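Understanding the architecture of this molecule
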Amino acid sequence: MSTEPYLLTPGPLSISMRTKQAMLRDWGSWDVDFNSITGRIRERLLAIVHGAATHECVPLQGSGTFSVEAALGTLVPRAHGHVLVPQNGAYCQRIARICRYLGRKVTTIDYAEDAAVKAADVERALAQDPSITHVALVHCETSAGILNPLDEVAQVVARHERRLIVDAMSSFGALEIDARRTPFDALVAASGKCLEGPPGMGFVIVRRSALERSEGNGHSLALDLYDQWVYMQKTTQWRYTPPTHVVAAFDCAIAQFLEEGGQAARGARYARNCRTLIDGMSALGLRSFLPASIQAPIIVTFHAPDDPHYQFKSFYNAVKALGYVLYPGKLTTLETFRVGCMGQLGERGIGGAIEAVGQVLAQMRAAA
Ligand SMILES: Cc1ncc(COP(=O)(O)O)c(C=O)c1O
């Protein structure tokens, strides 16, 4: 049994012992056995979204943001690219910031932190401004935990013959995404999220035709997905030093994902966690921030306890001492904290976390 605290966070998450053990072996980056692991990961990631016929999977070193930036820089042309970002949280804001950094024109549609993106607003913006070439959508906005309507937005973008880039960082593997039904040019995610690997690499599922057209767009050699793809196709190797231990463990985590029953089973487990969490916290008097209709089963934002002595730091430390790591809130105006539903938690992890929060709240009340 592990004595580590459970991570109730949006990643890095609690991963299985089997995944951790897969990191105990050293691999040569030129070695054929290692490169066959990379090939298997690429194939399996593509299969999760049914993209083999139309898309390519390009892995990239680094955290998720590196892959988001790589997708934008590689696919949005420097000269006339114009990205529309429907914005309802910090990760959407980060996309807009990346576009500005890269000198790509960006326009936002701004929403409140508790409102989902509306496909009709995207439709209006595209109809009004023919210069918009791409829409960048965050599928699950991890800041508050909102589920944005990927499929509806994708249909609108396709109807207007524009291109869609999706940040699916905290949805890939848990929520259904089907490239045969939902048109997108790029879908970005990373190893340390719903597929429950360690952090350290991202990947982009890119429409093959868009990738083929993207040569020369990239502003950065290290983040050029086209260059990474061409090299990988030619050699089966990563262009630059791969995070070998992370790749091996990610492969092992994907094998466990498939054994569990793939996306449907993973999504059902997270949904159960989410329901148990919201019900249990509600019984303790803690209200979740989002309406149920837009709550993704990934991470839940709760209003801070209604107690004048409440401070996140001491609350966090007290819950951590009982074996559960919570996550700070990321809202701009309200005092909140977040609890993740993802990772190797089982029913006991969520139930235990609720008990720990209840215990700490009781201590806070007694000390007041
Ligand atoms: C929706 C979303 N996008 C992007 C990121 C950024 O990933 P990273 O911190 O791995 O760079 C995260 C991280 O949690 C996320 O949830």
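Quick caveat: nothing in here was measured; it's all calculated off a predicted structure.

**Focus on the overall build of the protein chain**
When you go through the protein chain residue by residue, the secondary structure sums to 12 helices and 14 strands. Taking 21 Å as the expected radius of gyration for a compact globule of 368 residues, we find that the protein chain reaches 21 Å, a close match to that expectation. Projected onto its principal axes, the C-alpha positions of the protein chain cover 65 × 55 × 35 Å. The buried share of the protein chain, reckoned over its 368 residues, is 48%. Put simply, of all contacts in the protein chain between residues at least 6 apart along the chain, 72% involve residues at least 24 apart.

**Focus: the pairing of strand 2 (residues 55–61)**
Counting buried positions over the 7 residues of strand 2 gives 7, a clear majority of the element. Burial along strand 2 is two-sided: H55, C57, P59 and Q61 and E56, V58 and L60, pointing in opposite directions, are all buried. Alignment of strand 2 against strand 10 (residues 201–207), held across 7 bridges, turns out to be antiparallel. Considered in strand 10, the bridge of C57 is made with I205.

**Quick look at the site of the ligand**
Not every one of the 13 residues close to the ligand is listed here, only the nearest: S63, G64, T65, T142 and M169. Broken down by element, the shell around the ligand gets its largest block of residues, 3 residues, from helix 3 (residues 64–75). Partitioning the shell around the ligand into residue classes produces 6 nonpolar, 6 polar and 1 charged.

**Notes on the sheet that holds strand 11 (residues 299–303)**
Sheet architecture is open: 3 strands sit in the order 11-14-13, paired in antiparallel fashion. Because the sheet does not close on itself, it has two edges, and the strands there are strand 11 and strand 13 (327–328). In this sheet, strand 14 (residues 336–340) lies alongside strand 11 in antiparallel orientation, the contact comprising 5 bridges. Bridge pairing links F302 to F337 in strand 14.

**Focus: the domain arrangement of the protein chain**
Structurally, the protein chain comprises domain 1 (6–11 + 263–367) and domain 2 (18–259). On a C-alpha basis, the centroid separation for the pair domain 1 and domain 2 is 28 Å. Counting residues at the interface gives 21 residues for domain 1 and 24 residues for domain 2. When residues of the side of domain 1 that touches domain 2 are traced back to their parent elements, those giving at least two are helix 10 (262–283) and strand 11.

**Focus on the nonpolar core**
Formed by 111 residues in total, the largest nonpolar core has its most connected members in A186 and V204. Taken domain by domain, this core gets at least three of its residues from each of domain 1 (6–11 + 263–367) and domain 2 (18–259).

**Structural notes on the sheet that holds strand 8 (residues 163–167)**
Taken together, 7 strands build an open sheet; the order of strands is 2-10-9-8-5-3-4 and the sheet is mixed. The outermost strands of the open sheet, each flanked by one partner alone, are strand 2 and strand 4 (105–110). Here the strands of the sheet are splayed against their neighbours by 20° on average, with no regard to which way each runs. Pairing between strand 3 (residues 82–87) and strand 5 (residues 134–138): 2 bridges, direction parallel.

**So, the environment of I132**
Within the secondary structure layout, I132 lies in the loop between helix 5 (119–128) and strand 5. A C-alpha to C-alpha distance of 37 Å links I132 and C274, two positions 142 residues apart in sequence. Those residues in contact with I132 that lie beyond four places of it in its chain are H82, L84, T107, A125, L126 and R162.

**Considerations on unusual backbone geometry**
For the bond from G11 to P12, the omega torsion is -5°, close enough to zero to count as cis. On the secondary structure map, P12 appears in the loop between strand 1 (6–7) and helix 1 (17–21). You will see that E196, though not glycine, has its phi angle at about 65°, which is positive. Secondary-structure assignment places E196 in the loop between strand 9 (186–190) and strand 10. Within the chain, T236 stands out as a residue other than glycine whose phi angle is a positive 70°. Here T236 is to be found in the loop between helix 8 (225–235) and helix 9 (244–260).

About the thresholds
Residues numbered from 1 in each chain as written. Predicted model: local features only at pLDDT ≥ 70, side-chain atom pairs only at ≥ 80, totals over all residues. Helix = DSSP H or I, 4+ residues; strand = E, 2+ residues; numbered from the N terminus. Rg over C-alpha atoms; globule rule 2.2 N^0.38 Å. Buried ≥ 20, exposed ≤ 12 C-beta atoms within 10 Å, placed from the backbone. Contact = placed C-beta atoms within 7 Å. Pairing = 2+ DSSP bridges. Near = placed C-beta within 6 Å. Nonpolar A, V, L, I, M, F, W, Y, C, P; charged D, E, K, R; others polar. Domains from an automatic or database assignment. Core = buried A, V, L, I, M, F, W, Y, C linked by C-beta atoms within 7 Å. Axes fitted to C-alpha atoms, helices over the stretch in contact; angles between N-to-C directions.

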